[in-house]
Amino acid sequence: MSRPVPNPGILDIAPYSPGKTPVPEPGRKVFKLSANETPFGPSPKAMDAYRHAVDHLEDYPEGTSRVLREAIGRTYGLDPDRIICGAGSDEILNLLAHAYLGQGDEAISTAHGFLVYPIATMANGARNIVVAETDFTADVDAILKAVTPRTKLVWLANPNNPTGTYLPFDEVKRLRAALPSQVLLVLDAAYADYVSRNDYKMGIELVATTENTVVTHTFSKIHGLAALRVGWMFGPAHIVDACNRIRGPFNVSTPAMLAAAAAIEDSAHVQMSKAHTAQWRSWLTEEIGKLGLEVTPSVANFVLIHFPTEKGKTADEADAWLTRRGLVLRALKNYKLPHALRMTIGTEEANRLVVEGLRDFLTGK
């Protein structure tokens with residue numbers, strides 16, 4: 001019997017797989033450290049704005065997310081007319097792919113890049129080209145070597161998830177300068193708020209001075225609004241216009257828009273979270289290293305922990321051990337990192353328990 005058939009390439013896409021649901025030992029407190037969620041929750045100001053929005057749930061949202069675009073513009077010194085908001089930055093990534101990729105095109109991403117990139121690419125009939133990384137870090141020369149006349153877009157998470165590594169701004173500028181002008185460079189800055197390196201920049205300057213670069217960001221991380229799904233992009237006017245023509249007319253709900261606008265203006269809450277992350281990122285890297293496990297240097301709110309392949313000490317076995325203790329990390333087979341676990345930086349209690357748990361696991365206690 002005949003039936004509708006998806007477009008070519010759709011059934012070749014590996015569906016996005018979120019972190020597992022924890023099943024700890026009875027009586028154990030659960031610490032979910034698998035989704036890079038902030039341990040502090042959202043700003044109280046964001047929660048107040050969300051509560052006030054319930055008085056008008058019968059009304060459609062303002063269709064352009066004007067209040068939020070203006071708040072983002074004030075925070076970063078940007079023209080609100082060059083900002084587009086979406087249901088998480090994921091929606092914006094998909095809008096860009098829909099607008100600029102088609103059958104026969106190619107998009108480039110790196111070996112351990114965000115899994116949404118191949119999904120967005122292949123969903124629009126384009127070919128996903130994966131290039132190698134160097135020390136779990138994007139390699140500009142490898143990206144440039146992969147460019148062909150069919151290349152229309154380059155995805156670059158900076159910092160990268162799940163490795164936590166980043167490219168200095170000089171390298172990002174070198175990449176942009178060497179790419180053909182018709183290639184769109186997408187700088188995904190979801191974790192930018194956690195970076196304290198002097199040689200790092202989101203890339204807003206590149207967007208302001210070129211016609212082929214965009215920066216995307218999210219409220220799901222340091223702002224603690226993952227449940228509301230809010231993201232944004234700053235780009236050239238012609239790219240914003242193209243995305244606006246195909247996005248849904250009410251793609252950001254009123255409660256989400258108002259909460260995000262309040263969150264981005266609560267700089268004290270952001271700085272508190274950033275300082276906590278920096279302190280415990282360094283501590284975790286050092287303490288886990290003392291156990292004999294390699295930790296990839298990270299600038300984000302998570303660390304990538306590498307395990308040996310020796311039976312009894314593998315990543316799979318460590319994952320199961322920690323989960324039984326209520327410590328839920330992220331396995332990374334779908335990121336081609338079968339011997340590593342990603343740990344979100346949590347509360348002091350959670351961080352200390354993970355180090356204690358890893359010590360017990362490795363010593364067989």
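Definitions and cut-offs
- Residues numbered from 1 in each chain as written.
- Predicted model: local features only at pLDDT ≥ 70, side-chain atom pairs only at ≥ 80, totals over all residues.
- Heavy atoms only, no water.
- UniProt positions renumbered as here; feature names shortened; annotations may be inferred.
- Axes fitted to C-alpha atoms, helices over the stretch in contact; angles between N-to-C directions.
- Helix = DSSP H or I, 4+ residues; strand = E, 2+ residues; numbered from the N terminus.
- Parallel < 35°, antiparallel > 145°, perpendicular 65-115°, else oblique.
- Left-handed = near helix turned anticlockwise from the far one by under 90°.
- Contact = heavy atoms within 4.5 Å.
- Nonpolar A, V, L, I, M, F, W, Y, C, P; charged D, E, K, R; others polar.
- Buried < 20%, exposed > 50% of the residue type's maximum accessible area, 1.4 Å probe, protein only.
- Phe/Tyr/Trp six-rings, centres within 6.5 Å; stacked < 30°, edge-to-face > 60°.
- Lys NZ or Arg CZ within 6 Å of the ring centre and 35° of its normal.

Per an unreviewed UniProt entry, the recorded name for the protein chain is Histidinol-phosphate aminotransferase, and the organism is Bradyrhizobium jicamae. Of the protein chain, the UniProt comment under Sequence similarities (unreviewed entry) reads exactly: "Belongs to the class-II pyridoxal-phosphate-dependent aminotransferase family. Histidinol-phosphate aminotransferase subfamily." Its UniProt record gives the protein chain a comment under Pathway (unreviewed entry), which states: "Amino-acid biosynthesis; L-histidine biosynthesis; L-histidine from 5-phospho-alpha-D-ribose 1-diphosphate: step 7/9."

**Here's the deal with the packing of helix α2 (residues 66-76) against helix α9 (residues 254-264)**
Two measures define how a pair of helices packs: the angle their axes make with one another and the distance between the axes. Packing of α2 against α9 leaves a shortest axis separation of 8 Å and a crossing angle of 15 degrees. When the interaxial angle is binned, α2 and α9 end up roughly parallel. The handedness of the crossing between α2 and α9 comes out as left-handed. Residue-level inspection shows Arg-66, Val-67, Leu-68, Ala-71, Ile-72, Thr-75 and Tyr-76 of α2 in contact with α9, the latter providing Met-257, Leu-258, Ala-260, Ala-261 and Ile-264. Along the lines of polarity and charge, the residues of the contact of α2 with α9 split into 10 nonpolar, one polar and one charged.

**Looking at the UniProt feature "modified residue: N6-(pyridoxal phosphate)lysine" (unreviewed entry) in the protein chain**
In the numbering used here, UniProt assigns the "modified residue: N6-(pyridoxal phosphate)lysine" (unreviewed entry) feature to Lys-221. Relative to the assigned elements, Lys-221 resides in the loop between β7 (213-218) and β8 (231-234). Residue class for Lys-221 comes out buried when judged on its relative accessible area of 15%. When near neighbours in sequence (up to four residues on either side) are disregarded, Lys-221 contacts Ala-35, Asn-36, Thr-38, Ala-190, Tyr-191 and Tyr-194.

**Here we look at the packing of aromatic side chains**
Using the criterion set out here, one finds eight aromatic pairs in the structure. Their ring planes at 25 degrees and their centres at 4.7 Å tell us that Tyr-60 and Phe-250 sit as a pair that is stacked. Taken together, the residues span a long stretch of sequence, with Tyr-60 in the loop between α1 (44-53) and α2 and Phe-250 in the loop between α8 (237-246) and α9 at a distance of 190 residues. In this structure Tyr-60 comes out as exposed when scored by relative accessible area, which is 67%. Here the aromatic rings of Tyr-76 and Trp-232 are separated by 5.3 Å at their centres, their planes lie at 45 degrees, and the arrangement is tilted. Of this pair, Tyr-76 sits in helix α2 while Trp-232 sits in strand β8; the two residues are 156 residues apart in sequence, bridging distant segments of the chain. Among the residues examined, Trp-232 registers a relative accessible area of 1% and is labelled buried. Aromatic ring contacts, followed pair by pair, group Phe-114, Tyr-117 and Trp-155 into a single cluster. A cation over an aromatic ring shows up here: Arg-342 above the ring of Phe-302, its NZ or CZ 5.7 Å from the ring centre.

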